[in-house]
Amino acid sequence: RHDSYWTRHQHYASYTHRQTYTTMYALWRNDLFDSAYTPTRGYAYNVEIGYHLRGESTQGSNFMALQGDFYTVIPLGKSTALLPSIHARSLYGENIPLTYSNAIGGYLAGRHLRQQTPFAGLTGCELMKEHLTIVYLGLRQKICPDIYLTAITNYAYNTDSLSNLQSGQGLWGIGLQLSYDTTLGPISICGHWNDRYHHLGAYFSFGYEF
């Protein structure tokens, strides 16, 4: 549960719309996959450092965000592949606005917030604490031309203090996704579950991501 996190931040929500920040950032990204949606080999990574300077009339303080992501594909045969990845994001500062908080959920990165990381098991968007790590593992099987079945498990761990990791909270999610590659873009449907809310959910998508 994140009750303490929400309680600690709820008094910032009333003036979030009046806050202004200027951001300086550096981004290093590389994608060596052989396909954007169903790669069979390669890897990709992303490293981003951002420093947020508050405006003169903005309450709160300056803060920094560090983010790193790594994805790869491990072939296990002609039609089977292991899909591991790891994602991490940390915030350093005081009174950080909710709109910059770590966030997870859904199957599309940046769906509701720019820093939102996909998480099988959550359909929407859930805010997390200041230090977040997600480990993802998928097992994809090509069952016939252009049709793929992927079993997914992922684990998210978040804490508000790197000096006391035991105080953090974890979240497991699992999913089973069926995808079909078409000329208009992939069609996917995924059923999922997580160990926080203990109920099944589903997600459907069609077309390319922009």
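For the structure, see preceding data.
Note that this is a predicted model, so its numbers are computed, not measured.

Calculation rules
Residues numbered from 1 in each chain as written. Predicted model: local features only at pLDDT ≥ 70, side-chain atom pairs only at ≥ 80, totals over all residues. Heavy atoms only, no water. Helix = DSSP H or I, 4+ residues; strand = E, 2+ residues; numbered from the N terminus. Buried < 20%, exposed > 50% of the residue type's maximum accessible area, 1.4 Å probe, protein only. Contact = heavy atoms within 4.5 Å. Pairing = 2+ DSSP bridges. Phe/Tyr/Trp six-rings, centres within 6.5 Å; stacked < 30°, edge-to-face > 60°. Salt bridge = Lys/Arg side-chain N within 4 Å of Asp/Glu carboxyl O. Core = buried A, V, L, I, M, F, W, Y, C linked by side-chain atoms within 4.5 Å. Patch = residues over 30% accessible without salt bridge, like charges linked within 9 Å, V, L, I, M, F, W, Y side chains within 5 Å. Areas by Shrake-Rupley, 256 points an atom, 1.4 Å probe, with all protein chains shown as cover.

What about the overall build of the chain?
Inference 1: Of the regular secondary structure elements, the chain holds one helix and 13 strands.
Inference 2: Traced from its N-terminal end to its C-terminal end, the chain shows the element sequence α-β-β-β-β-β-β-β-β-β-β-β-β-β.
Inference 3: In the chain, buried positions account for 39% of the 210 residues.
Inference 4: When contacts within the chain are restricted to residue pairs at least 6 apart in sequence, those whose partners lie at least 24 apart make up 49%.

Remarks on the side chain of Q115
Inference 1: Mapped onto the secondary structure, Q115 falls in the loop between strand 6 (103–104) and strand 7 (116–117).
Inference 2: Leave out the neighbours within four places in its chain, and Q115 touches R89, T99, Y100, S101 and A103.

Quick word on the pairing of strand 2 (residues 43–54)
Inference 1: Bridge analysis of strand 1 (residues 21–31) against strand 2 gives 11 bridges, and the strand direction is antiparallel. If you follow L27 over to strand 2, its bridge partner there is E48.
Inference 2: Pairing of strand 2 with strand 3 (residues 63–72), which is carried by 10 bridges, proceeds in the antiparallel orientation. Residue pairing in the sheet places A44 in a bridge with Y71 of strand 3.

Description of the packing of aromatic side chains
Inference 1: Tallying each qualifying case throughout the model produces eight aromatic pairs.
Inference 2: Taken together, a centroid distance of 6.3 Å and an interplanar angle of 15° make the contact between Y43 and Y45 stacked.
Inference 3: Joined through ring pairs, the aromatic side chains of W28, Y43, Y45 and F70 make up one cluster.

Notes on the pairing of strand 10 (residues 147–159)
Inference 1: Pairing analysis gives 13 bridges linking strand 9 (residues 131–144) to strand 10, with the strands arranged antiparallel. The residue of strand 10 that forms the bridge with T133 is Y157.
Inference 2: Between the antiparallel neighbours strand 9 and strand 10 lie two residues, among them D146 with a positive phi of about 70°.
Inference 3: Judged from the 12 bridges that link them, strand 10 and strand 11 (residues 169–180) form a sheet pairing that is antiparallel.

What to know about the environment of I86
Inference 1: With respect to the element layout, I86 can be found in strand 5 (residues 80–93).
Inference 2: Note on I86: relative accessible area 41%, which makes it partly exposed.
Inference 3: Considering only alpha carbons, one finds I86 and T72, 14 residues apart in sequence, at a separation of 9.5 Å.
Inference 4: Sequence-distant contacts of I86, that is, excluding residues within four places in its chain, are made with G68, D69, F70, T133, I134 and V135.

Points about the pattern of salt bridges
Inference 1: Following the criterion strictly, the structure yields three salt bridges and no others.
Inference 2: With a shortest N-O distance of 3.1 Å, R114 and E48 are connected by a salt bridge. Highlighted residues: R114 in the loop between strand 6 and strand 7 and E48 in strand 2, separated in sequence by 66 residues.
Inference 3: Close ionic contact of R196 with E126 constitutes a salt bridge, the shortest N to O distance being 2.5 Å. Of this pair, R196 sits in the loop between strand 12 (187–194) and strand 13 (201–206) while E126 sits in strand 8 (residues 126–127), and the two are 70 residues apart along the sequence. For the pair R196 and E126, a shared accessibility class is recorded, and that class is buried.

Overview of the nonpolar core
Grouped burial of nonpolar side chains is what soluble globular proteins tend to show.
Inference 1: Counting eight residues, the largest nonpolar core consists of I104, F119, L122, M128, L132, I134, A156 and L171.
Inference 2: The next biggest cluster of nonpolar side chains, apart from the first, holds five residues, and it includes F63, A65, L91 and I96.

Things to note about the sheet that holds strand 7
Inference 1: Spatially, 7-6-8 is the arrangement adopted by the three strands of the open sheet, whose pairing is mixed. At either end of the open sheet lies a strand with only one pairing partner, and these are strand 7 and strand 8.
Inference 2: Direction of pairing for strand 6 relative to strand 7: parallel, over a ladder of two bridges. Looking at the pairing, A103 lines up with Q116 of strand 7.

Observations concerning a nonpolar patch on the surface
Inference 1: Taken together, I143, L149, L176, L178, L184, I189, F204 and F206 make up a surface patch of nonpolar side chains, about 790 Å² in accessible area.
Inference 2: Put simply, the parts of the chain that give the nonpolar patch at least two residues each are strand 11 and strand 13.
Inference 3: Position of F206 relative to the elements: it lies in strand 13.

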